[in-house]
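Chain residues, written in single-letter form:
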Amino acid sequence: MSYGPKAAERLSGKIILITGASAGIGESTAREFAAAAAGNVKLILTARRAEKLSALAEDLKKEYSNISVHTATLDVSKIDTIGKFVTDLPTEFADIDILVNNAGLALGRDSIGTIIESDIQAMFNTNVLGLITMTQAVLPIFKKKNSGDIVNLGSIAGRDPYPGGGIYCPTKAAVKSFSHVLRKELINTKIRVFEVDPGNVETEFSNVRFKGDLEKAKSVYSGTEPLLAEDIAEIIVFACSRKQKTVIAETLVFSTNQASATHLYRDS
Ligand code: 8X3
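Residues numbered from 1 in each chain as written. Predicted model: local features only at pLDDT ≥ 70, side-chain atom pairs only at ≥ 80, totals over all residues. Heavy atoms only, no water.

Let us look at the overall build of the protein chain. Summing up its helical and strand segments, the protein chain has ten helices and nine strands in all. For 268 residues, the compact-globule estimate of 2.2 N^0.38 gives 18 Å, and the C-alpha radius of gyration of the protein chain, at 18 Å, lies within 12% of that figure. A principal-axis box enclosing the C-alpha atoms of the protein chain has dimensions of 45 × 35 × 35 Å. Across the 268 residues of the protein chain, 50% fall into the buried class. Taking contacts inside the protein chain between residues at least 6 apart in sequence as the whole, the part at least 24 apart equals 78%. By element, 53% of the accessible surface of the protein chain is carried by carbon and sulfur atoms, the whole surface being about 12,400 Å². In the protein chain, 31 positive and 31 negative side-chain charges are present, and the distance between their average locations comes to 6 Å. (Helix = DSSP H or I, 4+ residues; strand = E, 2+ residues; numbered from the N terminus. Rg over C-alpha atoms; globule rule 2.2 N^0.38 Å. Buried < 20%, exposed > 50% of the residue type's maximum accessible area, 1.4 Å probe, protein only. Contact = heavy atoms within 4.5 Å. Areas by Shrake-Rupley, 256 points an atom, 1.4 Å probe, with all protein chains shown as cover. Lys, Arg positive; Asp, Glu negative; His and termini not counted. Charge placed at Lys NZ, Arg CZ, Asp CG, Glu CD.)

On the basis of which strands lie adjacent, the open sheet formed by seven strands has the order 3-2-1-4-5-6-9 and parallel pairing. The sheet is open, and its two borders are formed by strand 3 (68–73) and strand 9 (250–253), each paired with just one other strand. Strand-to-strand, the axes of this sheet are offset by a mean angle of 15°, without reference to chain direction. Here strand 1 (residues 15–19) runs beside strand 2 (residues 42–47); their pairing, made up of five bridges, is parallel. Paired with L17 across the two strands is I44, which belongs to strand 2. Where helix 6 (residues 117–145) meets the sheet, it contacts strand 1, strand 4 (98–101), strand 5 (148–153) and strand 6 (191–198), and its direction lies at approximately 175° from that of strand 4. (Pairing = 2+ DSSP bridges. Axes fitted to C-alpha atoms, helices over the stretch in contact; angles between N-to-C directions.)

Time to look at the pattern of salt bridges. Within the structure shown, the criterion is met by 16 salt bridges. In this structure, the salt-bridge partner of D88 is K84, at a minimum N-O distance of 2.6 Å. Residue D88 is classed as partly exposed on the basis of its relative accessible area of 47%. Accessibility expressed as a relative area gives 57% for K84, which makes it exposed. Several salt bridges share partner residues, and in doing so they unite R159, K176, E195, D197 and E250 into one network. (Salt bridge = Lys/Arg side-chain N within 4 Å of Asp/Glu carboxyl O.)

For the rest of this paragraph, the subject is the site of the ligand. Looking at the ligand, the residues that line it are S155, I156, A157, Y162, Y168, G199, N200, F205 and R209. Note that an oxygen atom of the ligand is positioned 2.6 Å from one of the side-chain N or O atoms of S155. At a separation of 2.6 Å, an oxygen atom of the ligand approaches a polar side-chain atom of Y168. For the ligand, whose accessible area on its own is 250 Å², the fraction buried by protein is 89%. Here the ligand is seated within the largest pocket. Residue classes in the shell around the ligand are distributed as five nonpolar, three polar and one charged. (Near = heavy atom within 4 Å. Polar contact = N/O pair within 3.5 Å; in protein donor to acceptor, adjacent residues only side chain to side chain. 1 Å grid on protein atoms, 1.4 Å probe; cavity = no way out; pocket = protein on both sides within 12 Å on 5 of 7 lines; lining within 4 Å. Sits in = over half its atoms within 2 Å of the grid points. Nonpolar A, V, L, I, M, F, W, Y, C, P; charged D, E, K, R; others polar.)

On to helix 2 (residues 24–36). Across its 13 residues, helix 2 extends 18 Å between first and last C-alpha, which sits within 8% of the 18 Å expected from 1.5 Å per residue. Burial in helix 2 covers these residues: I25, G26, S28, T29, A30, E32, F33, A34 and A36. Immediately beyond the C-terminal end of helix 2, within one or two residues, lies A38, with a positive phi of roughly 50°. (Expected span 1.5 Å × (residues − 1).)

Turning to the nonpolar core, a few remarks are in order. Among the nonpolar cores identified, the biggest contains 38 residues, and F33, L43, L45, L60, V100, I232 and I236 are the most heavily contacted of them. At six residues, helix 10 (residues 229–240) tops the list of elements feeding residues into this core. L45 has contacts with I18, A21, A30, L53, L56, L60, V69, H70, T71 and A72, leaving out every residue within four places of it along the chain. Grouped together as the second largest cluster of nonpolar side chains are 24 residues, L89, M134, L182 and L186 included. (Core = buried A, V, L, I, M, F, W, Y, C linked by side-chain atoms within 4.5 Å.)

Let us now look at empty space enclosed by the protein. Taken as a whole, this structure holds two cavities of 30 Å³ or more when the rule is applied. When grouped by side-chain class, the residues that make up the lining of the largest cavity number five nonpolar, four polar and four charged. What the second largest cavity holds in volume is close to 30 Å³. Lining of the second largest cavity is provided by T19, V76, N101, A103, T126, G130, L131 and M134. For the lining of the second largest cavity, the leading source of residues is helix 6, giving four residues. Its residues placed into classes, the lining of the second largest cavity shows four nonpolar, four polar and no charged. (Points joined across faces, edges and corners; volume = space filled by probe spheres on them.)

Shown next as structure tokens:
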């Protein structure tokens, strides 16, 4: 995909930190940044699954001889580890330019009153506390140079809460609120805050939500044509490769089969 004649130049040499980069939107975003900058980027890829990250890094290095990739096992829900991770980055990767707060998950569709405590904690720790802590760790780097992009992955769930989303929806509403405050607090800087709110995207998201019940996971998308991870990655890269003064503050992204969290057209 072409992001316009200046995109590669604008992304050139950027140091880009992506959380949850081992699969789905995170992985696609890494690939898309690499493609848009013809490999002229430095990627910091973090996730819980080290082997997947290494395989992605190998792939990218094979495709782009000029790319630099640093991989690190990081579980953003373990918020005590985030500060040290950022301060201990190798010098070549330390001066981050773009932070993509992608790591996030939903667990279950249980009604309020029956939600498992560990699921509540995992969702809030990852989607909210992890995202906030990572942002706080990176922000001083951006403030020092008065530039940098923060991309927060929200969701339709944060705008349009639905039954069965008693925890996931509030976590994404918290992300939205956090993005708004951040954008307002940074009004006198050149730091940009983007939020991308996807609807249904067919990734491992539903496999995780339904804890490996692949039938249930598949049924989320059956009869629809869901978005793919690369569709969201394109929007992230598009936003980050606009002119410095342009802030695509919020983007709600559906497939043509979807009009709200619960309004989906199924052709079978
Ligand atoms: C994922 C979209 O509708 O499953 O963020 O909550 S939804």
